[in-house]
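One letter stands for each residue in the lines below.
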Amino acid sequence: MTPGRADRARRLLAPDPGWTTSADVVVVGSGVAGLTAALHATEAGEVLLVTKVLVDDGSTRWAQGGVAAALGPDDSPDEHLEDTLVAGVGLCDVEAVRVLCTEGPARLRELMALGAAFDRDPSGELSLTREGGHHRDRIVHAGGDATGAEVQRALVAAVKAHPRIRLVEHALVLDLLRTADGGAAGVTLHVLGEGTQDGVGAVHARAVVLATGGMGQVFSSTTNPSVSTGDGVALALRAGAAVSDLEFVQFHPTSLYLGPGLAGQQPLVSEAMRGEGAFLVDAAGRRIITTDDHPLADLAPRDVVAKAITRRMLELGVEHVYLDARHLGEELLFKRFPTIVARCREAGVDPVTEPVPVAPAAHYASGGVRTDLDGRTDVPGLYACGEVACTGVHGANRLASNSLLEGLVFAARIGADLQRDLPPQGEPVTGAGLAVLLDPSVRTELGRTMTEGAGVLRSAHSLATTAKDLDALAGRTSDAPGPAAWEATDLHLVATALVAAATRREETRGAHWREDFPETDDAWRGHLVTTLSGTIFEPVSFEQSPREDAPA
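Draft legend 1. Seen up close, the overall build of the chain. From N to C terminus, the chain includes 14 helices and 23 strands. For the chain, the C-alpha radius of gyration of 22 Å lies close to 24 Å, the compact-globule estimate for 552 residues. Buried residues in the chain amount to 61% of all 552 residues. Taking as baseline every contact in the chain between residues at least 6 positions apart, the subset at least 24 positions apart corresponds to 74%.

What follows is the structure, given as structure tokens:
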């Protein structure tokens, strides 16, 4: 990054903590990763789980498709691994993917043991389906298209029943408390109605686990909920941790198009519908993507499908295309996709009788805070898992339904590492480093410029324009701390880091599409790693390359 003041700050401008509490481990976030991490961390000590709104809010409950795991008799972890590597376009960490695919089935069975009820066929076996990029039926789902809600329900029940977990809701994490030598010593956070009038307090902890989810709100149109403001990535950057692969933001090909000019969270139309046989067309009925374009056609990886849709939209000068599921019939649509059918009908569209208008929207960050296989970051005592983390599993593009699995697998590994080696409580040093706060009004303009210049379509010109806009927004500071200002400041830091990486990567790969560099270039086969000091390129070693005979 080219740091302006907002990009050099080591902490948010906030009042001194008015209250203090302590725990052995503090987990920030209550999606699948945070809840799983909290449960496993109880083997190491007392856990404080803090969440931004309510414990059952967040991105997990919106997940429609399911959880990918090699459970079928004709499937194997090796085949799941190969599909994941292909989707990641040469940037996956093979060992991380191997961990995901080999440990995934056991973690899924643990989830079922907690009470998660997944859909089953008439014989009582798990009902497995297929999604984009998968060559086998390996997606486990619940309630047809309500998998995330069921996963969240089971984990929340287990967390609430656990005697070693305390829960704090309505808590916005601000910054990492650090020791004199830079290690984690807890967090500062703002809790509505707690302590002093402004609600800012401190949690002293021997280890901190970030599970804050994504950063979709950095764009004006996203499938992410309003709480997905990149808080964990911003906190980690200010604390001195490295983030990696931020340029690889996956745009889901099919969010429900609600009309021109609408911003914020857009309803998701799961690609599981395409897995059942729905297909994409334009207003004239022409297929958007065929086997001539990709062997898997409508089930190609998300970046391929999103690009095909965007190209057709540009060609026709329209804002959406259509997903045609009419031939699937009312019975199947109601059985497999009751949530989607209901949401479409709320918007005035009936998937049973008419094609559904859809368009790409920011959906998932493949990059994030860089971790090792046990979830450790560059900062001692600071861990990360779930969408906030970059474990190396996703590479340049996440394979469908690997996200919930990643949260389960790597959160459990964090718990095991904490049990082996929970560090002693450090003495936090307060008030160190430059503080910053931006005016909340920057948020709308930030989303607009990010969508226009750093969205699905990117070029040197568009990214330079966005960088210039972000630099101007950095000057709109505030001296009135509060949740809206803190979120806006976090979004600005994440956006600046993302644009820096996207500008550096002069190629098209996976979820990163450069109009001025439309081909994949082996010279860029590596990771762009960002800290507050700048962005550097780290080539991928030969050992981390996918097999040459991996399926296309």
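Draft legend 2. Geometry of the environment of Gly386. Within the secondary structure, Gly386 sits in the loop between strand S19 (382-384) and strand S20 (389-390). When its relative accessible area of 7% is taken as the criterion, Gly386 is described as buried. Each C-alpha atom, one on Gly386 and one on Thr212, is 7.9 Å from the other, the two residues being 174 residues apart in sequence. Those residues in contact with Gly386, other than ones at most four positions away along the chain, are Ala33 and Glu406.

Draft legend 3. Quick peek at the packing of helix H2 (residues 32-41) against helix H5 (residues 147-161). Look at H2 against H5: their axes get within 10 Å of each other, and the N-to-C directions meet at 30°. Between H2 and H5, the interaxial angle falls into the category roughly parallel. As for how H2 packs across H5, the hand of that crossing is left-handed. Where H2 approaches H5, its residues Val32, Leu35, Thr36 and Leu39 are matched on the opposing element by Val151, Gln152, Leu155, Val156, Ala158 and Val159. Broken down by class, the residue content of the contact of H2 with H5 amounts to eight nonpolar, two polar and no charged.

Draft legend 4. Summary view of the pairing of strand S9 (residues 184-191). Where burial is concerned, most of S9 is hidden: eight out of the eight residues are buried. As paired elements, strand S8 (residues 171-178) and S9 share seven bridges and run antiparallel to each other. By the bridge assignment for S9, Leu176 is matched with Val187. If you look at the hairpin formed by S8 and S9, you'll find five residues sitting between the two strands, and Gly182 has a positive phi there, around 95°. Of the pairings in the sheet, the one linking S9 to strand S10 (residues 200-210) comprises five bridges and is antiparallel in character. Residue Gly186 lies in a different strand from S10, and its bridge partner there is His204.

Draft legend 5. Highlighting H2. Of all 10 residues making up H2, nine are buried, and the element is well covered by its neighbours. Residues Val32, Ala33, Gly34, Leu35, Thr36, Ala37, Ala38, Leu39 and Ala41 constitute the buried set of H2. Those residues of H2 that are buried lie in contact with strand S2 (20-28), strand S3 (47-50), H5, strand S7 (165-168), S10 and helix H11 (402-420).

Draft legend 6. Local environment of the pattern of salt bridges. Within this structure, the stated rule accounts for 41 salt bridges. The partner of Arg312 in a salt bridge is Glu315, with the nearest N and O atoms 3.8 Å apart. A residue pair is termed a helical-turn pair when its members lie 3 or 4 positions apart in one helix, as Arg312 and Glu315 do in helix H8 (residues 302-316) at three residues. Owing to a relative accessible area of 52%, Glu315 belongs among the exposed residues under this scheme. With its nearest N and O atoms 3.7 Å apart, the salt bridge here joins Arg420 to Asp374. A residue pair is termed long-range when its members are at least 10 positions apart, and Arg420 in helix H11 and Asp374 in the loop between strand S18 (368-370) and S19 qualify at 46 residues. On the basis of relative accessible area, Asp374 is assigned to the buried category, the value being 15%. Each of Glu103, Asp372, Asp374, Arg376, Arg413, Asp417 and Arg420 takes part in one network of salt bridges that share partners.

Draft legend 7. Helix H3 (residues 77-87), seen in detail. Residues His80, Leu81, Glu82, Asp83, Thr84, Leu85 and Ala87 constitute the buried set of H3. Packing partners of the buried residues in H3 comprise strand S4 (67-68), helix H4 (94-113) and H11. One or two steps after H3, the chain reaches Val89, where phi turns positive at roughly 50°.

Draft legend 8. Representation of empty space enclosed by the protein within the structure. In total, this model carries two cavities of 30 Å³ or more according to the counting rule given. Looking at the largest cavity, its volume works out to about 80 Å³. Taken together, Val249, Gln250, Phe251, Arg302, Asp303, Ala306, Lys307, Asn397, Val456, Gly510, Ala511 and Trp513 form the lining of the largest cavity. Listing elements by their share of the lining of the largest cavity, those giving two or more residues are strand S13 (249-256) and H8. Top contributing element to the lining of the largest cavity by residue count: H8, with four residues. Class assignment of the residues belonging to the lining of the largest cavity gives a composition of six nonpolar, three polar and three charged. There is about 40 Å³ of room inside the second largest cavity. Around the second largest cavity, the lining residues are Met215, Gly216, Asn224, Val249, Ala362, His363, Tyr364, Ala365 and Glu387. Residue contributions to the lining of the second largest cavity peak at four residues, all from strand S17 (residues 356-365). Taken together, the residues of the lining of the second largest cavity sort by class into five nonpolar, three polar and one charged.

About the thresholds
- Residues numbered from 1 in each chain as written.
- Predicted model: local features only at pLDDT ≥ 70, side-chain atom pairs only at ≥ 80, totals over all residues.
- Heavy atoms only, no water.
- Helix = DSSP H or I, 4+ residues; strand = E, 2+ residues; numbered from the N terminus.
- Rg over C-alpha atoms; globule rule 2.2 N^0.38 Å.
- Buried < 20%, exposed > 50% of the residue type's maximum accessible area, 1.4 Å probe, protein only.
- Contact = heavy atoms within 4.5 Å.
- Axes fitted to C-alpha atoms, helices over the stretch in contact; angles between N-to-C directions.
- Parallel < 35°, antiparallel > 145°, perpendicular 65-115°, else oblique.
- Left-handed = near helix turned anticlockwise from the far one by under 90°.
- Nonpolar A, V, L, I, M, F, W, Y, C, P; charged D, E, K, R; others polar.
- Pairing = 2+ DSSP bridges.
- Salt bridge = Lys/Arg side-chain N within 4 Å of Asp/Glu carboxyl O.
- 1 Å grid on protein atoms, 1.4 Å probe; cavity = no way out; pocket = protein on both sides within 12 Å on 5 of 7 lines; lining within 4 Å.
- Points joined across faces, edges and corners; volume = space filled by probe spheres on them.

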